[in-house]
Amino acid sequence: MPASAAQPVPSAWAVMQPVQGRIRFAMALSGLSAAAALGALCALAWSVHALLQSSVSWPWQPLLLAAGLTALAFVLRLAAFNRSHHAAFHLETLLRSRLSEHLAHLPLGYVQQTGSGALAKVMMEDVKALHVFVADSTPLYARAYVSPLLTFALLLWLDWRLALAATAVLGLGVAVVSLALRGSADMMRRYNEAGENVGKAVVEYVQAMPVVRTFDTGTATFGRYQRALETYRDVVKSWYRMSGTSSRLSQIILSPLPTLVVLVWLGAWLTSRDALDAATWLAVLLAGTGMAESLLPMVSLRHLVGKTQMSIHRIHEVLAEPVLPVPAAIPTKMPRDASVRFEQVNFRYMADGPLVLQGVSFEAPPGSITALVGPSGAGKTTVARLIPRFWDVSAGCIQIGGVDVRELQPAALMQQVAFVFQDTFLFADTIANNIRLGLAGATMDEVIAAARAAQAHEFITALPQGYDTPAGERGVFLSGGQRQRITIARAILQSRPILVLDEATAFADPENEAALVAALSNLMRGKTVLMVAHRLSTIRDADQILVFDQGRLVERGRHEALLAERGVYERLWSNYEQAQGWALRGAQA
Ligand SMILES: Nc1ncnc2c1ncn2[C@@H]1O[C@H](COP(=O)(O)OP(=O)(O)OP(=O)(O)O)[C@@H](O)[C@H]1O
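## Examining the overall build of the protein chain
The helix and strand tally for the protein chain stands at 22 helices and ten strands. Taking 589 residues into account, the globule formula puts the C-alpha radius of gyration at 25 Å, and the protein chain, at 35 Å, lies well above it. On the principal axes, the C-alpha backbone points of the protein chain span a range of 115 × 50 × 50 Å. Considering the protein chain as a whole, with its 589 residues, one finds that 32% of them fall into the buried category. Sequence separation of at least 24 residues holds for 78% of the intrachain contacts in the protein chain that already meet a minimum separation of 6.

If you want it as C-alpha cells, here you go:
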C-alpha cells in the first residue's frame, strides 16, 4: 500500500474528529463524576468532623450530601460511558461506511492485490479496536487528568504541606511509570507485530490444512506457527525483563497505601506539634489517599493506545489510497460501437516497477473473436484486466467504441463489457438471484433461458430447491465447472456487446468440458470477444490471434498464417500439441 507513505498517519484524536463533540461531552461527564466523588469524600470528612465536635447530634446534612454526591458521581459515570459508547458506535458506522464507499472507488486491481481477507480485517477488526478505545478509555482518561488536579487544589486549600507530600508520592509514581514505559513504543510495536504473526500463522495453519496434510502432515505450516509462537514468547519475556520491575513498582506506588502512609506520618507529626487540626487532617486523609490511584488507568491503557494506533495506521492506509479517476458526469461520452482498441499501451504495476506491457497496439472489431496467447507471464491477463480498469494504463490508451475507457462513466463501461474470469464468486443468495445479479428486474423465464444457454438448467433443476437453492459459501456444494456455468448464465443474461473472458482450463473432465464449450459458444455469439485462450478449438477458430511475449505483442494473425511464420506461436503450438499427445498416450496406457 504505497500511497499512504506520502501522508502522515493521523492521531487517534484526528480520527475521532466526526464524534469529537460527543467524546468531549463524555469526558466532561466523567470529569464531573470525579469531582462529585471528591465532593462526597469532603462531605464525609465534614460529617466526621461534626461528630467529633458533638457526638450527640446526628450530622444528617453532610451525610445526606455525601450520599447525594456519591449517587451523582455514579450517575455521571454511567452517563459518561453511555455517551462514549454511543460515540463509538457512531464512529464505527461512519468509518465502515467511509471505508466501503472508498473501496467502491478504488481500482479493482488494488482490491484484488491487497486481498479480501486483509481488507475485511481492516473493516471489521481495526474499526472494532477503535470502537473499544473510544468507548472504554476516553472517560477513564478524563478521570485520570481531572481527579489528581482537583484533589491537588483541594489539598492545597486544606493544607499546603500535606498537599505537597501527596503530590511527591504521585510524582515518584509518575517517574517510575516513565521508567517502566522507557522504550515501550518500540516494544509495543514488536509485541503487536508478534501477536499478529501468531494470528496469521493460525489462519494459515487452519486454512491450508486440507492441502497441507495431504503432502506433509502439516509439519511445515505447524513449524511456521510454532516459530511465530516462540517469537511472541521471546518478545513478551524480554518486555517483562525490561519493564517488569519498574512496572510493578509503579503499580505499588500509585496504589492508595503509600500516599496514606505519608499523609498519616506527616499529619501525625504536624498534629503532635499543634501545627494541624484533626478535622483538616481527616479531610486530607479521605480526599488525598486516592489521588495517585486515579493515574493507574493511564498505565494500563498504554497497551490499548498502541494497538489502536496500529489499527488507525491500517485504516489510514486504505483511506489514503487514491481512487480511480472518474470523468465529470456531463457531457457523457457513449461508445459508437462494440470495438476494442489498444493504442501504444504501456503498463507497470508499480510506479518504480518494470514495464509488463510495452507499446501494445491492436484493434478488435465489433463481433470478432480475439484470442490472447503467449507463454506464462507474457501479460495476457494484464491486457484482459486493463479493459475493465482494474488499473489504468501507464501510457497510451484503451478505447471502447472510439472512447477512452477513462472518459466513460463506470456505469457506461459496465453496460458495454461483461467479464468472465476463472475465479467465480457466488453470493449468499439463491441461484436465480446469482444469475440475476445486476439485473434485478429479469423475469424467471429470462433467468431460465440464460441458464439453459449456459448448460446449467439441468443440474440446477436437479438440486433440492431448484433455482431457489441457496448458493455462496454456506450454500449448496457446486463443482468448479457448475459454478463457472452459473457465472456464464449471468453474463448471457446481461447480454453486453463486449465480452472479456479468461477461459477456464481447470475443469477438464470430458462432460464438464463439453458443457462449458457449449455454454461459452452460446455466450460468445454475436459479441466482440477478447479471451485469454488455452484450448485448441477456440484458438483455431479465432478471427485474430495476438501473441504476447515478455509484455510485447510479437505476432498477430490467424492460426494458419501464424504457424507459417514459424515464430513464437509455432513454438507454443508445437509444445501444446506435444502435451496433448502425452496426455493421449497417458490416457491410453
Ligand atoms: N498484481 C501484480 N503485481 C505486480 N506484478 C504483477 C501482478 N500481476 C502480474 N504481474 C506481473 O506481470 C507480468 C504479466 O503477468 P500476467 O498475469 O499478465 O501474465 P499471463 O500472460 O497472464 O500469465 P499466465 O498465463 O501465467 O497467467 C508477470 O511478470 C507478472 O509477474
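## Some points on the packing of helix H3 (residues 60–105) against helix H12 (residues 296–320)
Two elements in contact, H3 and H12, have axes separated by 9 Å at closest approach and are oriented at 35°. The element H3 and its partner H12 pack so that their crossing is left-handed. Contacts from Leu95, Arg98, Leu99 and His102 in H3 reach Ile315, Val318 and Leu319 in H12. In terms of residue class, the contact of H3 with H12 is built from five nonpolar, one polar and one charged.

## Regarding the nonpolar core
Within the largest apolar cluster, 67 residues are counted, with the highest numbers of intra-cluster contacts made by Leu372 and Ala489. Per-element accounting of this core gives the leading share, six residues, to helix H18 (residues 480–494). Not counting the four nearest positions on each side in its chain, leucine 372 is found in contact with Lys380, Val383, Ala384, Leu530, Met531, Val532, Ala533, Leu546 and Phe548. Counting 62 residues, the second largest nonpolar core, distinct from the first, contains Ala66, Ala135, Leu154 and Val176.

## Description of the domain arrangement of the protein chain
What the domain assignment reports for the protein chain is domain 1 (1–146 + 311–323), domain 2 (160–275) and domain 3 (340–588). Computed from C-alpha coordinates alone, the two centres of domain 1 and domain 3 are separated by 50 Å. Taken residue by residue, the interface counts four residues in domain 1 and five residues in domain 3. The residue makeup of the side of domain 1 that touches domain 3, split by class, is two nonpolar, two polar and no charged.

## Regarding the confidence of the model for the protein chain
Averaged over all residues, the pLDDT of the protein chain is 83; the fraction at 70 or higher stands at 91%. Within the protein chain, no element has a lower average pLDDT than helix H8 (residues 209–216), which sits at 66, and none a higher one than strand E1 (residues 340–347), at 94. Here residues 1–5 scores under 50 on pLDDT; set against residues more than four positions off or in separate chains, the count is nine contacts. As scored by the predictor, the complex reaches a pTM of 0.70 and an ipTM of 0.96.

## Observations regarding the environment of threonine 528
With respect to the secondary-structure elements, threonine 528 resides in strand E8 (residues 528–532). Between the C-alpha atoms of threonine 528 and isoleucine 498, which are 30 residues apart in sequence, the distance is 4.7 Å. When sequence neighbours within four positions are dropped, the list of residues in contact with threonine 528 reads Ala338, Ser339, Val340, Ala364, Pro366, Gly367, Ser368, Pro497 and Ile498.

## Here we look at the sheet that holds strand E4 (residues 395–400)
Taken in spatial order, the four strands of this open sheet run E2-E1-E4-E5, and their pairing is antiparallel. Bordering the open sheet on either side are strand E2 (357–364) and strand E5 (403–404), each of which pairs with just one other strand. Across five bridges, the pairing between E1 and E4 is antiparallel. Residue pairing for E4: arginine 341 is matched across the bridge by glutamine 399.

## Considering the sheet that holds strand E9 (residues 544–549)
Backbone hydrogen bonds are what pair the strands of a sheet, in a parallel or an antiparallel way. Spatially, the six strands line up as an open sheet ordered E6-E7-E8-E3-E9-E10, and their pairing is mixed. Here the strands that pair on one side only, and so sit at the sheet edges, are strand E6 (417–420) and strand E10 (552–557). Sheet twist, expressed as the mean angle between neighbouring strand axes with direction ignored, is 20°. Sheet strands in contact with H18 are E6 and strand E7 (498–502), and its direction is about 175° off that of E6.

## Observations concerning the site of the ligand
The immediate surroundings of the ligand are formed by Gln113, Tyr349, Val356, Gly374, Ser376, Gly377, Ala378, Gly379, Lys380, Thr381 and Thr382. The element contributing the most residues to the shell around the ligand is helix H13 (residues 380–386), with three residues. Per-class residue counts for the shell around the ligand are three nonpolar, seven polar and one charged.

## Re the pairing of E4
Here E4 pairs with E5 via two bridges, running antiparallel. Among the inter-strand pairings, glutamine 399 is bridged to a residue of E5, identified as aspartate 404. Counting the residues that bridge the hairpin from E4 to E5 gives two residues, and of these glycine 401 lies at a positive phi of roughly 55°.

## Some details on the packing of helix H6 (residues 160–181) against helix H10 (residues 256–272)
For the pair H6 and H10, interaxial distance at closest approach is 9 Å and the crossing angle is 155°. Regarding the angle of H6 to H10, the classification is roughly antiparallel. Pair H6 / H10 crosses with right-handed handedness. Two secondary-structure elements touch here, H6 through Arg161, Leu162, Ala165, Ala166 and Val169 and H10 through Pro258, Thr259, Val262, Leu263, Leu266, Gly267 and Leu270. Of the residues in the contact of H6 with H10, the class split is nine nonpolar, two polar and one charged.

## Structural notes on unusual backbone geometry
In this structure, aspartate 274 takes a positive phi of about 60° despite not being glycine. When you line up the elements, aspartate 274 lands in the loop between H10 and helix H11 (278–288). Since 7 C-beta atoms lie within 10 Å of it, aspartate 274 is described here as exposed. With phi around 45°, glutamine 344 is a residue other than glycine that occupies positive phi space. Given 12 C-beta atoms within a 10 Å radius, glutamine 344 is considered exposed.

## What about the environment of leucine 254?
Relative to the helices and strands, leucine 254 resides in helix H9 (residues 219–254). Overall, the presence of 24 C-beta atoms within 10 Å leaves leucine 254 in the buried class. Apart from the residues within four sequence positions on either side, leucine 254 is in contact with Gly173, Ala292, Glu293, Leu295 and Leu296.

## Description of the pairing of E9
Strand direction decides the pairing type here: strand E3 (residues 369–373) and E9, joined by four bridges, are parallel. By the bridge assignment, alanine 371 is partnered in E9 with isoleucine 545. In terms of strand pairing, E9 meets E10 through five bridges, oriented antiparallel. What sits directly across from leucine 546, in E10, is arginine 556. A loop of two residues connects E9 with E10, the two strands running antiparallel in sequence, and glutamine 550 in this loop sits at a positive phi of about 45°.

What counts and what doesn't
Residues numbered from 1 in each chain as written. Predicted model: local features only at pLDDT ≥ 70, side-chain atom pairs only at ≥ 80, totals over all residues. Helix = DSSP H or I, 4+ residues; strand = E, 2+ residues; numbered from the N terminus. Rg over C-alpha atoms; globule rule 2.2 N^0.38 Å. Buried ≥ 20, exposed ≤ 12 C-beta atoms within 10 Å, placed from the backbone. Contact = placed C-beta atoms within 7 Å. Axes fitted to C-alpha atoms, helices over the stretch in contact; angles between N-to-C directions. Left-handed = near helix turned anticlockwise from the far one by under 90°. Nonpolar A, V, L, I, M, F, W, Y, C, P; charged D, E, K, R; others polar. Core = buried A, V, L, I, M, F, W, Y, C linked by C-beta atoms within 7 Å. Domains from an automatic or database assignment. pLDDT = per-residue confidence, 0-100. Pairing = 2+ DSSP bridges. Near = placed C-beta within 6 Å. Parallel < 35°, antiparallel > 145°, perpendicular 65-115°, else oblique.

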